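# Structure assessment
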Amino acid sequence: MLGKLFSRLSTVITAIITVMFIGTVAGSLGAFYAVYYFSRDLPDYSQLAEYSPPTVTRLYAADGRIIEEYAKERRLFVPINAIPKRLVNAFIAAEDKNFYSHPGVDFVSIIRAAVKNLSNFGKNKSLVGGSTITQQVVKNFLLTNEKSFTRKAKEAILAFRITQAFSKDKIMELYLNEIYLGNRSYGVAAAALNYFDKSIAELTIEEAAMLASLPKAPSSLDPRKFPERAKERRDWVISRMEGEGFINEVDAVLATAKEIIVADRNQTEIVANAEFFAEAVRQELEGIYGEEGVYESGLAVRTTLDPRLQTYAEKALKKGLLAYDKRHGYRGPLAHIDEVQDWKKDLDELQEPLAIGNWTMAMVLEVADKSVKIGLKGGEFGEVPLKYMVWAKKYIDENEQGRSIKKPGDVLAVNDIILVRNIKDDSYFLEQVPQISGGIVAMDPHTGRVLALVGGYYYGESQFNRATQAKRQPGSSFKPFVYLAALENGFAPNSIIIDEEVQLGRGEDLPGWRPQNYSGKYYGPTTLRVGIEKSRNTMTVRLSQLMGISKVVEIAKRFGINDHPDRNFSVALGSAETDLLSLTNAYAMLVNGGKKIEPSLIERIQGRHGKTIYKHDNRDCKGCIIANADETDEDILQIPPLVLDQREQIADPIAAYQTVSLLEGVVQRGTGKRTRDLGYTLAGKTGTTNDSVDTWFMGFSADLAVGVYVGFDTPKSLGKYETGASASLPIWKDFMKHALKGEPDIPFRRADGIKLVKIDAKTGLLPAPGTPKHNIIYEAFRAGTEPTSSTAGVFTPTSEDGIEVESNFNSGEVY
């Protein structure tokens, strides 16, 4: 009996073992087949070894502050050894507590998730996942977000293989730099900045926990939109950090007690009002590296921008454009609403102009004798006193305005929609957005570094850059280069040119060209100095005739003002179009003694790993790097390095200094004399084209070259009384007043071979007895050409000197 029992038991056991064996074999075969089946067409994971994610390209000002960032995915790559352990542990606690021990797939977590999902079946709860950090890396880098068994199987296989191929730290590095954490943040470094304005090294426990709470659902856990939900999830992560032993109980309690405080980026670390400059840099970068290089390569671009000067430039330009606009009258309210039921609602429904800045839109509610009552957006009230609208004479055209304002009703009516600027308390000033525009550029004349650049009134309204893209006639601001050409070709500052009517033939059946002085008068024999100080047109054309137009065309090309100017005498009066940056650069080459420079907005570019891939300054510096130098060796370290000046000499330095001296006279006695009260050694030249379509003021101190242009985007007259002196010079002066404040007054650097001699400015000769003191000036002569008496010594070119005067408007010479 017992034997039969054992026999049957043995048979059962044998059957069970056989079934288990067959099942194991079948399962193994099935598993091997599944691995084989799902391993087909798997993506190549070896690419992860050379992980190079799209990262943010940043533009930095000269002082290190950020100007702009460009990125398709806002990411800052950080190697694993630079990521604090606290932050790593927060993500491990929240996402994958067995990360450093499992083989890529955590079977315990999968079983736990399965049990949890079965218990939640029918309870309308979300499914719990069991994916590891490694599996998330696979999904983010190699697969899609498709929810299918096939994708999960491939994900698991790849997770195993990646764990065998890469270290756990490498996988964690991939994960923490790739993961999307909301708020346009890819990776933990970008998220730390965007949520807390901190580096990852500065994050507290609760801040690290909040970032680690986001991968589950970045949008629905956004602390700005859903603070309570975000805190609940963050506190859960803190409890998991405590549970895993990453923090102690006290730290957990303190961290949980703290509210989530989200911080915006520190605006003091960002340069405001540099949009035109930044866009010019972006276009230059895109021309070199392409769009992908700008938006994905993580370049660090150190620009030449000086934020202090940029602020002065932006304020000066806006102030000057507003002043011009107000001189020409008020174009009326933004709108007028005939029937108002609810002024607050009507006002809120109107779209504000883009360029209003810190102004606000308002509705006129009452018009009294001395003021108007206004309603502001938000439901507040204010008033515009008469004194703050007396400027608003009706605009008729650029040359005519309406009658003077005697009462508010002359300007505004009830239900008018207007723009106002707060003065104090509930008192407001009537404003309007100017239609005029312009640009300003400030440069270091010795290096070509662009220190400030503003290309219009408001970038948000128009991205067209009037400093770099607008091609306009420079008018009289080109004249200094005509005079430079003359000084290089035998003329002197006291040479006499006859200022008289000039008529040049333009061919059969065409009227002759007859340039006019601004005053409409002619002044007879005049020195070169007086001619440029008073900006005499006919004299400048006459001078060009004496030299030949070839020399004028050549100097325009040489200084980069215009590469292909027309070969006619109108070029001498600034008809060859140029842009503000190019003309400012040309003036910079005058004050630096005729040395060639190229305008540069970029100082240095570094790649994503910190290697310098571009430098503006490539000069050899002997002694900058001393091999084996001991810091205690004072004799070696105190020897200044020898930096070679490799700039090309493109102009005679003596003639360049003489031109600077002539332009110094312009601001002392000529069309630029409104700048005299600044109290600095300055030089410059106004520029006004025919019918006052374009106006300029170009000038410099010894170490700062600045150009200003004012005009309409669609060319038209600024008004018959507007000139470079009235429209552009005030902007230049306002900028220089602030830029030079506190700086020492530096005289212009005199070239070797210059001799300063006292002369009578009217005659160009030595002062005669009784010459008024205000007529006596120091003139800069090429040594050996200075006058020797008060009656002789001035070069007045005539045909006897072998000079043939050109008489045709279009020169037949070939240059």
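Everything discussed here concerns the structure shown above.
Residues numbered from 1 in each chain as written. Predicted model: local features only at pLDDT ≥ 70, side-chain atom pairs only at ≥ 80, totals over all residues. Heavy atoms only, no water.

## With respect to the overall build of the chain
Convention followed: Secondary structure is summarised from DSSP: a helix means a run of H or I of at least four residues, a strand means a run of E of at least two, and numbering begins at the N terminus for each. Each residue is assigned to one of three classes by its accessible area relative to the maximum for its type, calculated with a 1.4 Å probe on protein chains only: buried under 20%, partly exposed between the two thresholds, exposed over 50%. We call two residues in contact when some of their heavy atoms are within 4.5 Å. To be clear on the numbers: accessible area is Shrake-Rupley with a 1.4 Å probe, and residue cover counts the displayed protein chains and nothing else.
Counting its secondary structure elements, the chain contains 21 helices and 24 strands. Looking at the chain as a whole, 49% of its 815 residues are labelled buried. For the chain, the share of sequence-separated contacts (at least 6 apart) that also reach a separation of at least 24 residues comes to 70%. Element-wise, carbon and sulfur atoms account for 51% of the exposed surface of the chain, whose accessible area totals about 40100 Å².

## So, the sheet that holds strand β21 (residues 694–700)
Definition in use: Strand pairing requires that DSSP identify at least two bridges connecting the strands. Axis definition: a line fitted to C-alpha atoms, over the contacting stretch in the case of helices. Angles run 0 to 180 degrees between N-to-C directions.
Pairing is antiparallel across the open sheet formed by 5 strands, whose spatial order is β13-β12-β22-β21-β20. Edge positions in the open sheet fall to β13 (450–454) and β20 (683–688), since each of these has one partner strand only. Taken over all neighbouring pairs, the strand axes of this sheet differ in orientation by 5° on average, direction set aside. Where strand β12 (residues 437–443) and β13 come together, 4 bridges link them in antiparallel fashion. Bridging from a neighbouring strand, Val441 pairs with Leu453 of β13.

## Focus on the environment of Ile650
The topology assignment puts Ile650 in the loop between β19 (642–643) and α20 (653–669). Remark: the alpha-carbon pair of Ile650 and Ile597, spanning 53 residues in sequence, is separated by 9.7 Å. If we ignore the near neighbours within four places in the chain, the residues touching Ile650 are Arg558, Phe559, Met589, Gly594 and Lys596.

## Thoughts on unusual backbone geometry
Of note, the phi angle at Asn183 is positive, near 55°, even though the residue is not glycine. If you trace the backbone, Asn183 turns up in the loop between α6 (168–178) and α7 (188–196). Residue classification places Asn183 among the partly exposed positions, given a relative accessible area of 29%. Residue Asn415 is not a glycine yet carries a positive backbone phi of 80°.

## What about the sheet that holds strand β3 (residues 300–303)?
As summarised here, the arrangement of the 5 strands in space is β2-β1-β3-β16-β17, forming an open sheet in which the pairing is mixed. The strands lining the two open edges of the sheet, one partner per strand, are β2 (66–70) and β17 (612–615). Across this sheet, the average inter-strand angle for adjacent strands is 15°, counted without regard to direction. With 4 bridges connecting them, β3 and strand β16 (residues 602–606) associate as antiparallel partners. Bridge pairing links Ala300 to Gln606 in β16. Along the sheet face, helix α11 (residues 275–296) touches β1 (57–60), β2, β3, β16 and β17 and points at about 35° away from the line of β2.

## Things to note about a nonpolar patch on the surface
Defined as follows: A patch is a set of surface residues, each over 30% in relative accessible area and not in a salt bridge, joined within 9 Å for like charges and within 5 Å for the nonpolar side chains Val, Leu, Ile, Met, Phe, Trp and Tyr. Salt bridge, as used here, is a side-chain nitrogen of Lys or Arg placed within 4 Å of a carboxyl oxygen of Asp or Glu.
A contiguous nonpolar surface patch, about 260 Å² in accessible area, is contributed by Ile288, Tyr289 and Ile613. If you trace the backbone, Ile288 turns up in helix α11. Overall, the relative accessible area of 52% leaves Ile288 in the exposed class.

## Observations regarding the nonpolar core
Keep this limit in mind: Nonpolar cores were defined as sets of buried Ala, Val, Leu, Ile, Met, Phe, Trp, Tyr and Cys residues, with membership established by side-chain atoms within 4.5 Å.
In this structure, Phe481, Phe559, Phe700 and Phe735 are the most contacted members of the largest nonpolar core, which totals 129 residues. It is helix α18 (residues 580–591) that provides the largest number of residues to this core, a total of 9 residues. Contact partners of Phe735, with chain neighbours within four places excluded, come to Leu309, Tyr312, Ala313, Ala316, Ile440, Ala442, Leu704 and Val706. Counting 54 residues, the second-largest nonpolar core is a separate cluster that includes Leu87, Ala93, Val137 and Ile179.

## Points about the packing of helix α14 (residues 479–488) against helix α17 (residues 549–558)
Spelled out, the test is: Under this scheme an angle from 65 to 115 degrees is roughly perpendicular, one under 35 degrees roughly parallel, and one over 145 degrees roughly antiparallel; angles in between are oblique. We call a crossing left-handed when the near helix sits turned anticlockwise from the far one by less than a right angle, and right-handed when that turn is clockwise.
Where α14 meets α17, the closest approach of the two axes is 9 Å, and the angle between their N-to-C directions is 115°. Viewed along their axes, α14 and α17 adopt a mutual orientation that is roughly perpendicular. You can see that α14 and α17 cross each other, and the crossing is right-handed. Mapping the contact onto sequence places Phe481, Val482, Leu484, Ala485 and Glu488 in α14 and Lys551, Val552, Ile555 and Arg558 in α17.

## Details of helix α12 (residues 307–327)
Applied cut-off: To estimate how far a helix should reach, multiply one less than its number of residues by 1.5 Å. For the purposes of these results, a polar contact is taken to be a pair of N or O atoms within 3.5 Å, where, inside protein, one atom must be able to donate a hydrogen and its partner to accept one; residues adjacent in sequence count only when each atom of the pair is a side-chain atom.
Taking 1.5 Å per residue, 21 residues should reach 30 Å; α12 reaches 30 Å between its end C-alpha atoms and fits that length. Capping the start of α12, Asp306 holds a side-chain oxygen 3.0 Å from the backbone nitrogen of Arg308, two or three residues further along. At the exit of α12 stands Gly329, carrying a positive phi of roughly 100°.

## Focus: the pairing of strand β11 (residues 427–431)
Most of β11 is tucked away: 5 of the 5 residues are buried. Neither face of β11 is exposed, since Ser427, Phe429 and Glu431 on one face and Tyr428 and Leu430 on the opposite face are all buried. Sheet topology places strand β10 (residues 416–424) next to β11; 5 bridges connect them, and they run antiparallel. The residue of β11 that forms the bridge with Arg421 is Phe429.

On their own, these measurements won't tell you what the molecule is for.
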